[in-house]
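For reference, the chains in residue letters:
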Amino acid sequence: MLYHMEYDITVGAYKVHTLKSVTVKRSVEQLSDTAQIAMPGTLLNAAIEVEDKIKVGDPVKIQLGYKQTGLRTEFEGYLKAIKTEGSEIVLECEDALYMWRTAVKNEEMKTISLQALLNKVCQQVNQARGTHYNVQCDYAYSYDKFVFSHATALDVLKKVQDETKANIYFDGETLHLHPQYSEVSNDTIIYDYAINVCASNLKYVKKADKNVKVVIEMTNAKGKKIKKESGVDGGIVIKRGVTAAEGTDLQKVAENEYNLWCYDGYEGSLTGWLVPYCKPTDKVEIRDSAYPQKTGTYYVVATDVEFSESGGRRKVTLGKRLG
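Residues numbered from 1 in each chain as written. Predicted model: local features only at pLDDT ≥ 70, side-chain atom pairs only at ≥ 80, totals over all residues. Heavy atoms only, no water.

Focus on the sheet that holds strand β11 (residues 134-137)
Ordered in space as β11-β14-β13, the three strands form an open sheet in which the pairing is mixed. Because the sheet does not close on itself, it has two edges, and the strands there are β11 and β13 (167-171). Across this sheet, the average inter-strand angle for adjacent strands is 20 degrees, counted without regard to direction. Summarising the sheet, β13 and strand β14 (residues 174-178) pair through five bridges and their orientation is antiparallel. Following the sheet pairing, Tyr169 is matched in β14 by His176. Helix α1 (residues 114-129) rests against β11 and β14 of the sheet, and its axis sits at about 160 degrees to β11. (Pairing = 2+ DSSP bridges. Helix = DSSP H or I, 4+ residues; strand = E, 2+ residues; numbered from the N terminus. Axes fitted to C-alpha atoms, helices over the stretch in contact; angles between N-to-C directions. Contact = heavy atoms within 4.5 Å.)

Right, here's the structure in full:
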């Protein structure tokens, strides 16, 4: 069956009618999801004027798909920049993080939980932007002191991510903060090499072949450095600094981190079409009739969608094996 590609893209009140390409990048490991919309600069020898119809900050919604299967929303966010590149007009877009480029009040807070801290920042964003964001955070620890000095809400999120290594991402109006791989959707997408995989750079690696040592370091409330290790010598060393509540079992943290890196399974990414729909935090089950023993389920870390006259493709980057 020949699938007919379709799209529905709006920027503010403007509907995109002529399109060259769309790229959408989503990841739980990056603070923001991004999209790029490329349109021709001319049509029938006449310049296409869009700058009088759209403006930076306009809401953006991108729906892609096929006539036979319908459209799916691939991106929602805001217009960050309008650029002219050669004969193209390029619209650069960012998800809800765009609204968090908002200045927060200079302040020093003592003995505040991460949840309370983020709620406070979120409240300031909502007041400044007229939005209704909320925060879902799995971390229970507190800061002895946190200082806001000529900072934006985005600066705060960057600092938190640097210190916690958390997966931080937006889902609609909810800002999520979760330890890696702790937030898994209920959706399982099947990718079968014989049916819906058009390209792959996956590599099946045995745990025994991975020489990895994880080193976890933390400075406690008294300023003393604590270090725990898990893994084997002679290979790759992965060092992580963490912020954790008093009494946290750092050895367990090191072992969990080691298990994120070491397992029998695939590493890398595969590419399919626009269907099936797949997003970060989903589970994918990989099937290969030539190697049934390698069938497994993996966490989706990131997806990259490409849409143009050449077709629609979705690259899926794998994280930890789940089963």
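Examining the packing of aromatic side chains
Geometrically, a pair of aromatic rings is defined through the distance of the ring centres and the angle of the planes. Applying the stated criterion across every chain yields a total of eleven aromatic pairs. Judged by centre distance (5.3 Å) and plane angle (70 degrees), the rings of Tyr3 and Tyr66 are edge-to-face. Pair noted here: Tyr3 is in the segment before β1 (5-11) and Tyr66 is in strand β7 (residues 59-66), with a separation of 63 residues, a long-range link. An aromatic cluster is built from Trp100, Tyr133 and Phe170, whose rings are joined through pairwise contacts. Lying over the aromatic face of Tyr277, Arg72 brings its terminal NZ or CZ to 4.0 Å of the ring centre. A cation sits over an aromatic face here: Lys159 above Phe146, 5.6 Å from the ring centre. (Phe/Tyr/Trp six-rings, centres within 6.5 Å; stacked < 30°, edge-to-face > 60°. Lys NZ or Arg CZ within 6 Å of the ring centre and 35° of its normal.)

Description of the side chain of Glu285
Here Glu285 shows up in strand β23 (residues 283-287). Those residues in contact with Glu285, other than ones at most four positions away along the chain, are Thr188, Ile189, Ile190, Tyr191, Thr295, Gly296 and Thr297.

A short note on the layout of surface pockets
Of the voids in this model, the largest pocket is the one considered here, and its volume is about 660 Å³. Breaking the lining of the largest pocket down by element, the ones donating at least two residues are β3 (21-27), β8 (70-85) and β13. Residue contributions to the lining of the largest pocket peak at six residues, all from β8. Split by residue class, the lining of the largest pocket holds ten nonpolar, nine polar and nine charged. (1 Å grid on protein atoms, 1.4 Å probe; cavity = no way out; pocket = protein on both sides within 12 Å on 5 of 7 lines; lining within 4 Å. Points joined across faces, edges and corners; volume = space filled by probe spheres on them. Nonpolar A, V, L, I, M, F, W, Y, C, P; charged D, E, K, R; others polar.)

Comments concerning the confidence of the model for the protein chain
Across the protein chain, pLDDT averages 88, with 91% of residues at or above 70. Taken element by element, the protein chain is modelled with least confidence in strand β6 (residues 46-47), mean pLDDT 64, and with most confidence in β7, mean pLDDT 98. (pLDDT = per-residue confidence, 0-100.)

Observations concerning the pairing of β7
Most of β7 is tucked away, with six of its eight residues classed as buried. Strand direction decides the pairing type here: β1 and β7, joined by seven bridges, are antiparallel. Following the sheet pairing, Asp8 is matched in β7 by Gln63. Relative to β8, β7 runs antiparallel, the two sharing eight bridges. Of the residues in β8, the one forming a bridge with Tyr66 is Gly70. Following β7, the chain reverses through three residues before pairing antiparallel with β8. (Buried < 20%, exposed > 50% of the residue type's maximum accessible area, 1.4 Å probe, protein only.)

Focus: the pairing of β3
For β3, a buried count of five out of seven residues is recorded, marking the element as mostly surrounded by other parts of the structure. Taken together, the five bridges between β3 and strand β4 (residues 34-40) define a ladder with antiparallel strand orientation. Its bridge partner lying in β4, Thr23 is registered against Gln36. Hairpin connection, β3 to β4: the antiparallel pair is bridged by six residues. Inspection of the sheet shows β3 paired to strand β24 (residues 296-308) by seven bridges, in the antiparallel sense. Bridging from a neighbouring strand, Ser27 pairs with Ala302 of β24.

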